[in-house]
Amino acid sequence: MILVRLMGGLGNQMFQYAFAKHISIEKGVALKLDSSLLGGGDAENVVVRHFDLDVFGIQKIEETASKKEVERFNGKFYPTILDRISFKIKSKFSNDQLLIQKGNEINDQLLCPKGEKLCVVGRWQSERFFFNNTDAIKKIFSFSGFQPNTYSLSVAEQIRQSKSVSIHVRRGDYVTHPIYSKKLGALSMEYYFDAISLLKEKVSGNLTFYIVSDDIEWCKFNFENVNENIVFVEQEKNKLGFLSDLWLLHICQHAIISNSTFSWWGAWLGETAESVIIAPKKWSISPEFTPESIVPERWSKIDNNFL
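Every chain's residues receive numbers from 1 upward, in the order its sequence appears when written. Note on the predicted model: pLDDT of at least 70 is required for a residue's local features to be given, and 80 or more for side-chain atom pairs to be given and counted; whole-chain, interface and lining totals, by contrast, use all residues. Side-chain calculation: all heavy atoms of the structure are included, whereas hydrogens and water are not.

Enquirer: Help me understand the layout of surface pockets in this model?
Expert: Gaps left between atoms are located by rolling a probe of water-molecule size over the structure's atoms. Grid points spaced at 1 Å and placed over the protein atoms alone form the basis of the search, with a cavity being a set where a 1.4 Å probe fits but cannot get out and a pocket an open set showing protein on both sides within 12 Å along at least five of seven lines. Lining residues have an atom within 4 Å of a point. Grid points are joined across faces, edges and corners, and a volume is the space filled by probe spheres set on the points. Here the second largest pocket defines a volume of roughly 380 Å³. Residue lining of the second largest pocket: 15 residues in total, with Glu 71, Arg 72, Gly 75, Phe 87 and Lys 90 positioned closest to the centre. Within the residue set of the lining of the second largest pocket, elements represented by two or more residues are α3 (67-74), α4 (81-92) and β4 (97-100). Numbering goes from the N terminus for both helices and strands, where a helix is a DSSP run of H or I of at least four residues and a strand is a run of E of at least two. Ranked by the residues each element gives to the lining of the second largest pocket, the list is headed by α4, at 5 residues. Gly falls in the polar group here, along with every residue not listed as nonpolar (Ala, Val, Leu, Ile, Met, Phe, Trp, Tyr, Cys, Pro) or charged (Asp, Glu, Lys, Arg). Of the residues assigned to the lining of the second largest pocket, the class counts are 3 nonpolar, 5 polar and 7 charged.

The following block contains the structure:
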């Protein structure tokens with residue numbers, strides 16, 4: 001059994017699931033989902049997250065781990081001293097393994113874990129963690145059962161009739177959160193201007209740029225003087241709206257991404273051999289939030305600053 005502990009928003013959950021699914025395919029064992037770390041909790045400055053993989057029908061594919069199964073690898077949720085001692089002793093004689101990624105490290109032990117009884121905990125933010133099963137992951141994340149909202153369907157029709165480029169602008173907690181704003185950081189407008197210029201050099205023809213953001217009013221103001229064909233995707237800010245945003249990102253031919261896993265997946269899922277994808281060279285302000293190889297070598301990385 002492979003058990004994956006899900007954390008963070010949709011983009012993060014997709015990376016965690018993709019890695020765990022890859023291991024389960026390689027080893028031919030069942031995968032189970034643990035969502036007990038999601039939700040608000042009592043921690044200070046926490047950003048509330050919920051299980052979002054239901055957009056892909058994953059809860060119909062995989063079983064949910066029981067409390068007993070989660071505790072089997074991690075110990076009791078509220079352990080006494082005796083519980084801790086008992087768990088430590090049992091762990092020494094068990095084949096169960098707790099595979100924890102420290103920060104954003106990548107090494108052979110993580111890429112090719114041994115054993116068939118694993119609980120995986122980490123970010124796993126690189127396609128290297130599931131590269132051998134790319135087709136299987138793309139099939140699962142195919143939006144085959146997703147029903148976009150009416151507005152998104154109309155935008156999608158425009159996208160399909162144009163030479164489309166998605167621009168994803170992540171702000172939200174990257175601007176307002178007391179920790180994320182200082183360690184992750186929102187990208188400056190200079191990055192987006194440079195990315196547009198580079199993409200126009202790489203792709204000929206009349207391009208249309210579709211701007212998707214969690215702060216579309218800010219985008220309207222800051223992209224106001226950009227002399228391009230621009231469509232501002234004015235989506236409702238609810239779960240269906242955000243999921244429809246991801247769906248729209250993945251049907252664009254080319255992409256300018258932000259330093260966001262949500263943005264990354266929108267580009268990766270829609271990527272073809274002809275796609276040009278531009279990403280920031282510096283993913284975050286702080287090294288602790290900078291995945292070692294989140295941006296594939298085939299994508300174009302450009303210099304960037306933060307607001």
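Moving on from the model shown.
Enquirer: I keep staring at α3 and nothing clicks. Help me out?
Expert: Counting along an α-helix, one turn takes 3.6 residues, and residues three or four places apart therefore face a common direction. Buried residues of α3: Glu 69, Val 70, Glu 71 and Phe 73, and no others. Of the residues flanking the end of α3, it is Gly 75, one or two places downstream, whose phi is positive at about 85°. Here the term buried applies to any residue with accessible area under 20% of the maximum for its type, exposed to any over 50%, and partly exposed to those in between, with areas from a 1.4 Å probe on protein chains only.

Enquirer: Would you mind going over the state of the cysteines with me for this structure?
Expert: For the purposes of this analysis, a disulfide is any pair of cysteine sulfur atoms at a distance within 2.5 Å. One pass over the structure, following the stated rule, counts 0 disulfides. Left without a disulfide partner, Cys 252 is nearest to the cysteine sulfur of Cys 219, which lies 14 Å away.

Enquirer: For this particular structure, what's the right way to read the nonpolar core?
Expert: In a soluble, globular protein the nonpolar side chains are often hidden away together inside. By nonpolar core is meant a set of buried Ala, Val, Leu, Ile, Met, Phe, Trp, Tyr and Cys residues that side-chain atoms within 4.5 Å join together. In terms of nonpolar packing, the biggest core is built from 61 residues, with Phe 56, Phe 141, Trp 264 and Trp 265 touching the most fellow members. The leading source of residues in this core is helix α1 (residues 10-27), at 8 residues. Leave out the neighbours within four places in its chain, and Trp 264 touches Phe 15, Glu 127, Phe 130, Ile 257, Trp 283, Ile 294, Val 295, Pro 296 and Trp 299. Residues Leu 187, Cys 219, Ile 302 and Phe 306 belong to the second largest nonpolar core, which totals 25 residues. Contacts: residue pairs with any heavy atoms within 4.5 Å of one another.

Enquirer: Is there a simple way to think about the environment of Gly 266 in this case?
Expert: Residue position: Gly 266 is located in helix α13 (residues 261-270). In the structure, Gly 266 is positioned 30 residues away from Glu 236 in sequence and 18 Å away in space, judged by C-alpha atoms. Residue contacts for Gly 266: discarding those within four places in its chain leaves Leu 246, Leu 249 and His 250.

Enquirer: Which parts of the structure should I look at to understand the environment of His 168?
Expert: Within the secondary structure layout, His 168 lies in strand β6 (residues 163-169). For the pair His 168 and Lys 301, spaced 133 residues apart in sequence, the C-alpha separation works out to 15 Å. Ignoring any residue separated from it by four or fewer positions in sequence, one finds His 168 in contact with Tyr 192, Val 212, Leu 249, Ile 256, Ile 257, Ser 258, Ser 260, Phe 262 and Ser 263.

Enquirer: It is not clear to me how the environment of Asp 54 should be interpreted in this structure. Could you clarify?
Expert: Tracing the sequence through the fold places Asp 54 in the loop between β2 (31-34) and α2 (58-61). The exposure class assigned to Asp 54 is partly exposed, which follows from its relative accessible area of 31%. Taking C-alpha positions, Asp 54 is 9.9 Å from Leu 10, a pair spaced 44 residues apart along the chain. Setting aside anything within four residues of it in sequence, one finds Asp 54 in contact with Gln 59 and Lys 239.

Enquirer: Teacher, can you tell me more about the sheet that holds strand β3 (residues 63-64) here?
Expert: Within a sheet, adjacent strands bond to each other through the backbone by hydrogen bonds, running parallel or antiparallel. As summarised here, the arrangement of the 5 strands in space is β3-β2-β1-β5-β4, forming an open sheet in which the pairing is parallel. Sheet topology places β3 and β4 at the edges, where each strand pairs with a single neighbour. Taken together, the 4 bridges between strand β1 (residues 2-5) and β2 define a ladder with parallel strand orientation. Note that in β2 the partner of Val 4 across the bridge is Leu 33. Against the sheet, α3 contacts β1, β2, β3, β4 and β5 (118-121), and its axis sits at roughly 90° relative to β1. We treat two strands as partners when DSSP finds at least two bridges between them. In this analysis, axes come from line fits to C-alpha atoms, helices being fitted only over the stretch in contact, and the angle between any two N-to-C directions falls in the range 0 to 180 degrees.

Enquirer: It is not clear to me how the sheet that holds strand β11 (residues 300-302) should be interpreted in this structure. Could you clarify?
Expert: Strand order in this open sheet of 6 strands is β8-β7-β6-β9-β10-β11, and the pairing throughout is parallel. Two strands in the sheet have a free side with no partner beyond their single neighbour: β8 (229-232) and β11. For this sheet, the mean angle separating the axes of adjacent strands, direction not counted, is 25°.

Enquirer: Even after reading the chapter, I still don't get the packing of aromatic side chains, so can you show me in this structure?
Expert: How two aromatic rings sit relative to each other is set out by the distance from centre to centre and by the angle between their planes. Pairing of aromatic side chains requires ring centres within 6.5 Å, counting the rings of Phe and Tyr and the six-membered ring of Trp. Pairs whose planes differ by under 30 degrees are stacked, by over 60 edge-to-face, and all others tilted. According to the stated counting rule, one finds 21 aromatic pairs in the structure shown. With a centroid separation of 4.2 Å and an interplanar angle of 35°, the aromatic rings of Phe 19 and Trp 124 are classed as tilted. Separated by 105 residues along the polypeptide, Phe 19 in helix α1 and Trp 124 in the loop between β5 and α6 (134-140) bring together distant segments of the chain. For the pair formed by Phe 19 and Trp 124, the shared burial category is buried.

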